Amino acid sequence: MKPIIFALPGNESLAKNIANAIHAEEGQVIIREFPDGETYIRVLSDVKNRKIVLVCTLIDPNKKMLPLYFLSKTIKSLGAMSVCLVTPYLSYMRQDKVFISGEGVTSEYFASLISGFVDKLITIDPHLHRRKNMNEIYTIPSEILHTSLLISSYIRKHIKDPILIGPDVESKQWVSVIAEKANAPFIILEKTRHGDKNVSVTFPSIEKFKDHTPVLVDDIISTARTMIETVKHLKKTNMKPPVCIGVHAVFSDNSYESLKDSGVGQIITCNTIEHESNKIDITKLIAKKL
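**Observations concerning the environment of Ile 286**
Next, step 1: Considering the arrangement of structural elements, one finds Ile 286 in helix 8 (residues 283–289).
Next, step 2: Here Ile 286 falls in the buried class, since its relative accessible area comes to 1%.
Next, step 3: Taking the C-alpha atoms as reference points, Ile 286 and Val 86, separated by 200 residues in sequence, lie 8.2 Å from one another.
Next, step 4: Sequence-distant contacts of Ile 286, defined by excluding residues within four places in its chain, comprise Ile 18, Val 86, Pro 88, Ile 124 and Leu 145.

Take a look at the structure:
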C-alpha cells in the first residue's frame, strides 16, 4: 500500500509532485492558528495502519516545529503504522559544538526533538560540517540524499566551458564530485569568516581558465557574502559573468537582491526551499528513495 503524503504549510507544491511521482495518496489536513496564536490540527484522511510521509522543509524552523510536532503526534494517535519526515532543508546543523563558553549545542537538542516524534528522516545535503553522519545526533534512521548528480547534469546541459569554484576547503570533497561528474575543472577558495555577514576570500591563480564560465557552487546560500566577494574578484579577471549554484536557497534579508546586483550571470538553486531561483528539481530524488 502506498504511503499518504501530507504537506505542511508552504510545502504543498513539492508534496503534490512527490505524491504524483509515486502514485501516493495526498493527505487531507486542516492546520490553522487560533486568534491567540496556538495551532489547530485536524487530520481528515484515514491514516490507521498506513505509512505516512510528512513533507516540511525546515527553513524558518521556529515557526514550523510546533505544527509539525502536533501533526505527527496526532497522526500517530490515530493509528498510523509509521511516520517519515521528508525535510529537504534541515536546519539547526551549524551549532555542532560549543564555540564560546555558555553556548548550547543546538544541533543535538534539535535532533533529539525530531527523533522523539517521527520514525524516520530523509533530508538533502545537510550541513554536517564537523559531523561525519546524521546518526551521531539523530536516534532514528536518517538518510541523506545528494544533489551532486542533479547539479552536474544541469551544468553539462546548460553551461559552456565551466570552471567550478568552491567557497572553502570544507567544500572541496563536495565540489570535486560535481566537477568530476560534469567533466569540468575546479578550484577552491580560502575563506575567512569575520562575522555572520563579514567574509573575506583568498583567490588562487585562475589565469589559465580565463575563457571558461565561472560556476560558484555552495550547499547553502544564506547571506551570499562569500559569493558576492568572489564575484568582485572575478570582475578583475575579465572572465564571463559567473553562474551561482546553491542547493538550499536560504537567502536571508536582501541577500538575493544583493547577489543579483553584484554582476552575476545567473543564480540557480534546487527546490529544497521554494524560491524564484529554483531550476533544479529534487522530486525524483525523493520519490526514488520513498
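**Focus: the nonpolar core**
Next, step 1: Counting residues in hydrophobic clusters, the biggest one holds 38 residues, and the most contacted among them are Ile 5, Val 55, Ile 151, Ile 155, Leu 164 and Ile 245.
Next, step 2: One finds Ile 4, Cys 56, Met 134 and Ile 137 within the second-largest nonpolar core, a separate group that totals 30 residues.

**Here's the deal with the packing of helix 4 (residues 148–158) against helix 5 (residues 172–182)**
Next, step 1: In contact at an axis separation of 8 Å, helix 4 and helix 5 are set at 45 degrees when each is read in the N-to-C sense. By the angle between their directions, the pair helix 4 and helix 5 is classed as oblique. In this structure, helix 4 crosses over helix 5, and the sense of that crossing is right-handed. In this structure, helix 4 contributes Ser 148, Leu 149, Ile 151, Ser 152, Ile 155 and Arg 156 to the contact, and helix 5 contributes Trp 174, Val 177, Ile 178, Lys 181 and Ala 182.
Next, step 2: Class assignment of the residues belonging to the contact of helix 4 with helix 5 gives a composition of 7 nonpolar, 2 polar and 2 charged.

**Some remarks on helix 4**
Next, step 1: All of the buried residues along helix 4 are Ser 148, Ile 151, Ser 152, Ser 153, Tyr 154 and Ile 155.
Next, step 2: Against the buried residues of helix 4 lie strand 9 (162–166), helix 5, strand 13 (213–221), strand 14 (243–249), strand 15 (266–270) and strand 16 (278–280).

**Thoughts on the pattern of salt bridges**
Next, step 1: A complete count under the given rule lists 10 salt bridges for this structure.
Next, step 2: A salt bridge links Glu 136 to Arg 131, with the nearest nitrogen and oxygen atoms 3.6 Å apart.
Next, step 3: What makes Arg 131 buried here is its relative accessible area of 15%.
Next, step 4: A salt bridge links Glu 143 to Lys 289, with the nearest nitrogen and oxygen atoms 2.8 Å apart. Of this pair, Glu 143 sits in strand 8 (residues 142–145) while Lys 289 is found in helix 8, placing the two residues 146 residues apart along the sequence.

**Here's the deal with the side chain of Thr 147**
Next, step 1: Tracing the backbone shows Thr 147 in the loop between strand 8 and helix 4.
Next, step 2: Residue contacts for Thr 147: discarding those within four places in its chain leaves Ile 124, Asp 125, Trp 174, Val 247, Cys 270, Ile 282 and Leu 285.

**So, the sheet that holds strand 10 (residues 186–188)**
Next, step 1: The 6 strands are arranged 10-9-13-14-15-16 in an open sheet whose pairing can be described as parallel. The sheet terminates laterally at strand 10 and strand 16, the two strands that pair on one side only. In this sheet, neighbouring strand axes are inclined to one another by 35 degrees on average, regardless of whether the strands run parallel or antiparallel.
Next, step 2: Sheet topology places strand 15 next to strand 16; 2 bridges connect them, and they run parallel. What sits directly across from Cys 270, in strand 16, is Ile 280.
Next, step 3: Packed on one face of the sheet, helix 4 meets strand 9, strand 13, strand 14, strand 15 and strand 16 and runs near 95 degrees to strand 16.
Next, step 4: Most of the contacts of helix 5 go to strand 10, to which it runs at about 170 degrees, and overall it touches strand 9, strand 10, strand 13 and strand 14.

About the cut-offs
- Residues numbered from 1 in each chain as written.
- Predicted model: local features only at pLDDT ≥ 70, side-chain atom pairs only at ≥ 80, totals over all residues.
- Heavy atoms only, no water.
- Helix = DSSP H or I, 4+ residues; strand = E, 2+ residues; numbered from the N terminus.
- Buried < 20%, exposed > 50% of the residue type's maximum accessible area, 1.4 Å probe, protein only.
- Contact = heavy atoms within 4.5 Å.
- Core = buried A, V, L, I, M, F, W, Y, C linked by side-chain atoms within 4.5 Å.
- Axes fitted to C-alpha atoms, helices over the stretch in contact; angles between N-to-C directions.
- Parallel < 35°, antiparallel > 145°, perpendicular 65-115°, else oblique.
- Left-handed = near helix turned anticlockwise from the far one by under 90°.
- Nonpolar A, V, L, I, M, F, W, Y, C, P; charged D, E, K, R; others polar.
- Salt bridge = Lys/Arg side-chain N within 4 Å of Asp/Glu carboxyl O.
- Pairing = 2+ DSSP bridges.

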